[in-house]
Amino acid sequence: MRDRLRNDRNHPDMVSSAPQAAWLGHPATVAAIGVLIVNDRVLKPLWPGVLTGKLSDLAGMLVAPPLLALLAAYAARIARRVPPGDRTAAGAIALTGALFAWMKATETGAEAAARAWAVLVPSSRVVADPTDLLALPVLAVAWLVWRRAALPTRRDAARARVLVVLPAAVFAVTATSALPPAPSAQAVEVRDGEIAVVVPDWFTIASGDGGRSWHEWTGSPSPSASPSASPSPSPSSSPATRACVPADPRRCYRVVPGRLGVEQTADGGATWTVAWEISRGRQGWLDRVYENPDSLGKRSGPAASLAVAVQAVPGGHVVAVANGTDGVALRDVSGRWRRLGFSEYDPERALLSEDAAAPLASPGEWIDTELGVAVLVALGALLAALGTTAGARRWPVRFWICAAIMWTSVLLVVTADGMITGLISLALFVPMFAVGTAGVLAVWLRWRPRGTPLLLAAPAAFAAVFLPFLGWSAGLPDDYGVAVLLAILLCAAVLVVAVRVAVRARTRTRRERALPVPPG
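Keep in mind that what you see is a predicted model, and the values were worked out from it rather than measured.

**Student:** What is the right way to look at the pattern of salt bridges in this model?
**Tutor:** Any two side chains of opposite charge can pair, so long as their charged atoms come close to each other. Using the criterion set out here, one finds seven salt bridges in the structure. Linking Glu277 and Arg259 is a salt bridge whose minimum nitrogen-to-oxygen distance equals 3.7 Å. Residue Glu277 is located in strand E8 (residues 273–277), and its partner Arg259 is located in the loop between strand E6 (248–255) and strand E7 (261–265); the two are separated by 18 residues in the primary sequence. Here Asp326 and Arg339 are joined by a salt bridge, their closest N and O atoms 2.8 Å apart. Here the residue Asp326 occupies a position in the loop between strand E10 (316–322) and strand E11 (328–331), and Arg339 occupies one in strand E12 (residues 337–342), the gap between them amounting to 13 residues. Per residue, the accessibility class of Asp326 equals that of Arg339, and both read buried.

The structure is reproduced here in structure tokens:
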């Protein structure tokens, strides 16, 4: 190995990454890659728990170092420098251990890792867990595998290995198990003096103090739920959509089908009035908040009132409403309603709390699709403005072909959904955007363009599309349909102004050149 490295230093063109490629293609590394893929894609969804969680960490300690070492080797090859074999491997192992310890031992590291990983896997989640540091000794095994793989080997065989193994390794380290749907309160009832809430596939929780504190259900099975939180209530006992005050049978409450709302009556059902509700616009906002971001995971349920229960307490009564993914709405004895959302499972925290309820407005959040549409519209307006200049009129075919390539490249990125599609779109975006932009600029700059007010159409078009949806995310307007209508009207206004400016500019140019001006 030393002779080969010495020979590479004497011949820069022969810089090789064969040892690092052999490390990645070693049977032990390949086996770890297979374990990562199978565990994250199959075993974790079927048997989530400590065993499958730790198995991914153990396998990752064998896969990450050769990937980092291979990346360093190729970087050195581009710089025409020969990477020291043992130093590269030791550095990759040390970097893997340091980063893993940082993200597993600290909340700051976990959050930073989640943000970085979101570039490749939007639905990724990293949780700080010091017990995962038990996987660090496996890095010693990774070093032994490197020493074995660094023995003299044929370069063509190493190159063939990396071509086969590298895609699988990248897929393995970026693969995560499908996210479960958001917890959804499907049923609620009063049993054994407590309010019990059924959250299928998660837990059944109960409160004996009117909703101030919650704990996992420990009582006897109920007709519509079981302590194990069965996937769905028994068909023979569907969740109660109407409940009355025990001491006053004429005072009742019922859920509004398909809505986050509750109606009440004081005359036995002759007349009903709204007791509590969330507007349709904010309900649509909540559905977007609770939507499962993982395309491979199960679809989250809607935010809607599904069941109601009334409990008699000293001084009056308490009303609890199961609101699907939005958690529980609770009315206390004073008549005040409050929303309780699901908090992350932690023995020291309440399973339902008012602080965990999703906000009904959050400016700029959950409007990525609308942001992408605004970017596309703005880019289209910019290209249309450039299309009115002398260069574009001189070579219209060349200009509009390049403009179409440029716009399509952005469309691929904006509409990408999922990790695989995102990677493919990104790979196509870079060359297409570069070619399209170069062609557009070459045509535009050829004829010494002068400043044109039409270029302001791009930021104006972006604002026309994006601002209504930014307002919708902040709660004004409340309804999504109104935001769509405002965006269309504002875009139409920008278009009218742009056309008038273009006509005036064209008329001014003809007058300067003493050309006949068309009527109108």
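Still more to cover.
**Student:** How should I be thinking about the sheet that holds E8 in this particular structure?
**Tutor:** Two strands in a sheet stick together by hydrogen bonds in their backbones, pointing the same way (parallel) or opposite ways (antiparallel). Taken in spatial order, the four strands of this open sheet run E5-E6-E7-E8, and their pairing is antiparallel. Bordering the open sheet on either side are strand E5 (242–245) and E8, each of which pairs with just one other strand. Along the sheet, successive strands turn relative to each other by an average axial angle of 25°, direction set aside. Alignment of E6 against E7, held across four bridges, turns out to be antiparallel. Among the inter-strand pairings, Val255 is bridged to a residue of E7, identified as Val262.

**Student:** What's the story with the environment of Ala498 in this structure? I'm lost.
**Tutor:** With respect to the helices and strands, Ala498 occurs in helix H15 (residues 480–512). A residue is classified by how much of its surface remains accessible, and Ala498, at 18% relative accessible area, is buried. In this structure, the C-alpha to C-alpha distance between Ala498 and Ala381, residues 117 residues apart in sequence, is 9.2 Å. Beyond its immediate chain neighbours, meaning those up to four positions away, Ala498 contacts Leu454 and Ala457.

**Student:** Got a minute to help me understand the nonpolar core in this structure?
**Tutor:** A general feature of soluble globular proteins is that nonpolar side chains tend to end up buried together. Membership of the largest hydrophobic core comes to 29 residues, with the highest contact counts inside it found for Tyr253, Trp276, Leu286, Val308, Val319, Val321 and Trp337. For this core, the secondary-structure elements that each account for two or more residues are E5, E6, E8, helix H9 (280–290), strand E9 (307–313), E10, helix H14 (457–473) and H15. Excluding anything up to four places from it in sequence, Val308 contacts Val188, Ala240, Thr241, Arg242, Ala243, Tyr253, Arg254, Val255, Val319, Ala320 and Val321. Membership of the second largest hydrophobic core comes to 26 residues, among which are Trp23, Met61, Ile93 and Ala149.

**Student:** Help me understand the packing of aromatic side chains, please; the structure alone is not making it clear to me.
**Tutor:** We describe a pair of aromatic rings using the distance from one ring centre to the other and the angle between the two ring planes. In total, this model carries eight aromatic pairs according to the counting rule given. Where Phe429 meets Phe433, the ring centres are 5.1 Å apart and the plane angle is 25°; that geometry is what we call stacked. On the criterion of helical spacing, the pair formed by Phe429 and Phe433 is a turn pair, its members being four residues apart in helix H13 (residues 419–446). Among the residues examined, Phe433 registers a relative accessible area of 29% and is labelled partly exposed. Consider the rings of Trp472 and Tyr480, whose centres lie 5.0 Å apart with planes at 75°: the pair is edge-to-face. Under the relative-accessibility criterion, Trp472 is labelled buried at 2%. Within the aromatic cluster, the residues linked to one another by ring pairs are Trp285, Phe469, Trp472 and Tyr480.

**Student:** What is the right way to read the state of the cysteines from this model?
**Tutor:** Think of a disulfide as a covalent bridge from one cysteine sulfur atom to another cysteine sulfur atom. Per the counting criterion, the structure on display carries one disulfide. In this model, Cys244 is linked to Cys252 through a disulfide, with the two sulfur atoms separated by 2.0 Å. Taking the sign of the S-S torsion, about 90° here, the bridge from Cys244 to Cys252 comes out right-handed. Of the residues examined, Cys244 reaches a relative accessible area of 31% and is grouped as partly exposed.

Cut-offs applied
- Residues numbered from 1 in each chain as written.
- Predicted model: local features only at pLDDT ≥ 70, side-chain atom pairs only at ≥ 80, totals over all residues.
- Heavy atoms only, no water.
- Salt bridge = Lys/Arg side-chain N within 4 Å of Asp/Glu carboxyl O.
- Helix = DSSP H or I, 4+ residues; strand = E, 2+ residues; numbered from the N terminus.
- Buried < 20%, exposed > 50% of the residue type's maximum accessible area, 1.4 Å probe, protein only.
- Pairing = 2+ DSSP bridges.
- Axes fitted to C-alpha atoms, helices over the stretch in contact; angles between N-to-C directions.
- Contact = heavy atoms within 4.5 Å.
- Core = buried A, V, L, I, M, F, W, Y, C linked by side-chain atoms within 4.5 Å.
- Phe/Tyr/Trp six-rings, centres within 6.5 Å; stacked < 30°, edge-to-face > 60°.
- Disulfide = S-S within 2.5 Å.

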